[in-house]
Amino acid sequence: MAFLCRSAASLLKSSRAAPVLLSGSRLYSSGGQYEYILVEKRGEKSNVGFIQLNRPKALNALCDGLMREVIQALEVFDADADVGAVVITGSERAFAAGADIKEMQNKTFQECYTTKFLAHWCKVADARKPVIAAVNGFALGGGCELAMMCDIIYAGEKAQFGQPEILLGTIPGAGGTQRLTRAVGKSLAMEMVLTGDRINAQEAKQSGLVSKVYPVDQLVSEAIICGEKISANSKLVSAMAKEAVNAAFELSLAEGNRFEKRLFNATFATADRKEGMTAFVEKRKASFQDS
Ligand code: CO8
């Protein structure tokens, strides 16, 4: 165990499928533990959690096992004091082509309803730490929904976003009708959901679904750079900022402003708020301790 860093060692104790440290401070999935994803820490300070969906033959279709592993890896990174943000990506061909249609083909309503089929997917949006989706290629159906559960979406120039469930005789079931509508507005969301037509990266940028578009081969490194910027700030205060922005999707303006004010006031109970303002006054770089 001597070669394991502190966080990896403690994770191994607490998690059945925890990643194993093989060299330096990089975490890699160990073959038998994660079957469908690759997991490591990236960035100069190894402070960005990195999850790569890795089911290439099925274009990263989100089978139950894959989503369970993504959620587990997110929980591991949430508990890792060194990690300040997480990047989720797929391959250059596909971020994810949706929920696994072959897995769903023969399901009945009774099974879906009584077992709360795929209900655990929503845990992705519960991550405390900011999550960036780096989308190359197809982000369709559940793939688009997975990206929208993340906090920031960066797209590669050839990315395609769509909710094609209607073509399969069903509708989005992991937030597609809700998050897409909030992101791009009613008309475009309706059009995408009712026709199954896809939008490209530029259209996604224009409509507000993604914040930046990069050349395919630069996408992941740009997402890591964004993750490093976030990780350089107080992790405690970043979690509050994320909570406050997310509240905008659920609360009225008045309630949201009250919620924000309470969190703003709460930052004055942190050492990092004091350090940030003191560093500004003393004309030096702040050194946040996440407390
Ligand atoms: N599920 C299972 N397998 C898939 C999926 C998928 N979603 N998408 C692609 N694959 C498989 C194909 O079956 C094929 O495998 P095989 O070689 O064994 O036949 C392999 O990936 C490659 O696919 P194609 O040969 O079709 O590749 P193309 O380049 O010709 O086409 C497309 C790529 C356009 C992406 C095409 O594969 C496609 O249309 N895929 C389906 C897209 C789709 O409809 N997605 C929505 C799925 S439904 C959904 O996501 C609902 C989510 C609800 C969540 C509810 C949570 C509570």
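All chains use their own residue numbering, which begins from 1 and follows the written sequence. In view of the model being predicted, local features appear only for residues whose pLDDT reaches at least 70, and side-chain atom pairs are presented and counted only at 80 or more, with totals across whole chains, interfaces and linings using the full set of residues. Each side-chain value is derived from all of the structure's non-hydrogen atoms; neither hydrogens nor water enter the calculation.

Asker: Hey, could you run me through the overall build of the chain in this one?
Answerer: Each helix and strand counted, the chain has 12 helices and 12 strands in total. Classification of the 291 residues of the chain by burial places 44% in the buried group. Areas reported here follow the Shrake-Rupley algorithm with a probe of radius 1.4 Å; residue values treat only the protein chains shown as occluding. Put simply, the chain shows about 15,300 Å² of open surface, and 55% of that area lies on carbon and sulfur atoms. Secondary structure elements are defined from DSSP: runs of H or I of at least 4 residues count as helices, runs of E of at least 2 residues count as strands, and each element is numbered from the N terminus. Relative accessibility decides the category of a residue: with a 1.4 Å probe and only protein chains considered, values under 20% of the type maximum give buried, values over 50% give exposed, and everything between is partly exposed.

Asker: Can you help me understand the layout of surface pockets in this one?
Answerer: Vacant regions in the atomic arrangement are exposed by a probe of water-molecule size rolled over the atoms. Whether a set of points on the 1 Å grid over the protein atoms alone is a cavity depends on a 1.4 Å probe fitting there but being unable to get out, while an open set qualifies as a pocket with protein on both sides within 12 Å along at least five of seven lines; lining residues are those with an atom within 4 Å of a point. Grid points are joined across faces, edges and corners, and a volume is the space filled by probe spheres set on the points. If you add up the space inside the largest pocket, you get close to 970 Å³. Every residue lining the largest pocket is counted, 32 residues in all, and those nearest its centre are Met 148, Cys 150, Asp 151, Asn 246 and Phe 249. It is helix 10 (residues 235–247) that contributes the most residues to the lining of the largest pocket, eight residues altogether. Its residues placed into classes, the lining of the largest pocket shows 19 nonpolar, five polar and eight charged. Considered as a void within the structure, the second largest pocket measures approximately 670 Å³ in volume. Of all elements in the fold, only helix 3 (101–104), helix 4 (109–114) and helix 5 (142–149) reach the threshold of two or more residues within the lining of the second largest pocket. At three residues, helix 5 tops the list of elements feeding residues into the lining of the second largest pocket. Its residues placed into classes, the lining of the second largest pocket shows 19 nonpolar, eight polar and three charged. Residue classes follow a fixed rule: Ala, Val, Leu, Ile, Met, Phe, Trp, Tyr, Cys and Pro count as nonpolar, while Asp, Glu, Lys and Arg count as charged, and any other residue, Gly among them, counts as polar.

Asker: Just checking my understanding: could you explain the site of the ligand for this structure?
Answerer: Here a residue is considered near a molecule or strand provided that any single heavy atom belonging to it is located within 4 Å of it. As a structural note, the neighbourhood of the ligand is formed by 26 residues, with Arg 93, Ala 97, Ala 99, Ile 101 and Gly 142 the closest of them. Here a polar contact is taken to be a pair of N or O atoms separated by no more than 3.5 Å, where protein atoms must pair a possible hydrogen donor with a possible acceptor and residues adjacent in sequence count only if both atoms sit in side chains. Backbone polar atom of Ala 99 to an oxygen atom of the ligand: 2.8 Å apart, as the coordinates give it. In this structure, Lys 102 approaches the ligand through a side-chain N or O atom, which is 3.2 Å from an oxygen atom. Here the ligand has 1,100 Å² of accessible area as a free molecule, and 66% of this is covered by the chains. Mapped onto the shell around the ligand, the elements with two or more residues apiece are helix 3, strand 8 (138–140) and helix 5. At three residues, helix 3 tops the list of elements feeding residues into the shell around the ligand. In terms of residue class, the shell around the ligand is built from 15 nonpolar, four polar and seven charged.

Asker: I keep staring at the sheet that holds strand 12 (residues 212–214) and nothing clicks. Help me out?
Answerer: Between any two strands, pairing holds if DSSP finds at least two bridges. Across the sheet, six strands lie side by side as 3-4-5-7-9-12; this open sheet has mixed pairing. The open sheet has two edge strands with one neighbour each: strand 3 (37–42) and strand 12. The sheet shows a mean angle of 20 degrees between the axes of neighbouring strands, taken without regard to direction. Alignment of strand 5 (residues 85–89) against strand 7 (residues 131–135), held across four bridges, turns out to be parallel. Its bridge partner being in strand 7, Ile 88 is matched across the sheet by Ala 133. A contact between two residues is defined here by any heavy atoms of the two lying within 4.5 Å. To get an axis, a line is fitted to the C-alpha atoms, and for a helix only the part in contact is used. The angle between two axes follows their N-to-C directions and goes from 0 to 180 degrees. With respect to the sheet, helix 9 (residues 219–231) is in contact with strand 3, strand 4 (48–53), strand 5, strand 7, strand 9 (152–156) and strand 12, its orientation differing from that of strand 9 by roughly 155 degrees.

Asker: Teacher, can you tell me more about the packing of helix 10 against helix 11 (residues 253–267) here?
Answerer: The relative placement of two packed helices comes down to the angle between their axes together with the axis-to-axis distance. The N-to-C vectors of helix 10 and helix 11 enclose an angle of 175 degrees; their axes lie 10 Å apart at closest approach. Judged on the interaxial angle alone, helix 11 and helix 10 are roughly antiparallel. Of helix 11, the residues touching helix 10 (which contributes Val 237, Met 240, Glu 243, Ala 244 and Ala 247) are Phe 259, Leu 263, Ala 266 and Thr 267. Looking at the contact of helix 10 with helix 11, its residues break down into seven nonpolar, one polar and one charged. Each angle is binned into one of four classes, with values under 35 degrees roughly parallel, values over 145 roughly antiparallel, values of 65 to 115 roughly perpendicular, and all other values oblique.

Asker: In this structure, what is going on with the side chain of Ser 234? I would like to understand it.
Answerer: Assignment of secondary structure puts Ser 234 in the loop between helix 9 and helix 10. Judged by relative accessible area, Ser 234 falls into the buried class, the value being 3%. At a separation of 2.6 Å, a polar atom in the side chain of Ser 234 contacts the side chain of Asp 272. Discounting chain neighbours no more than four positions away, the residues touching Ser 234 are Asp 272, Phe 288 and Asp 290.

Asker: Looking at this structure, I do not really get the sheet that holds strand 10 (residues 160–162). What am I missing?
Answerer: Sheets are built from strands that pair by backbone hydrogen bonding, the pairs being arranged parallel or antiparallel. On the basis of which strands lie adjacent, the open sheet formed by four strands has the order 6-8-10-11 and mixed pairing. Two strands bound the open sheet, and with one partner strand each, they are strand 6 (94–96) and strand 11 (199–200). The pairing of strand 8 with strand 10 spans three bridges and is parallel. For Ala 139, the partnering residue across the bridge sits in strand 10 and is Phe 161. Packing of helix 5 onto the sheet brings it into contact with strand 6, strand 8 and strand 10, and relative to strand 8 it is tilted by some 90 degrees.

Asker: Sorry if this is basic, but what is going on with the pairing of strand 9 here?
Answerer: In the case of a regular strand, side chains alternate between the two sheet surfaces. Of all the five residues making up strand 9, four are buried; the element is thus mostly covered by neighbouring parts of the structure. As paired strands, strand 7 and strand 9 are joined by four bridges and run parallel to one another. The residue of strand 9 that forms the bridge with Ala 133 is Ile 153. Judged from the three bridges that link them, strand 9 and strand 12 form a sheet pairing that is parallel. Considered in strand 12, the bridge of Gly 156 is made with Tyr 214.

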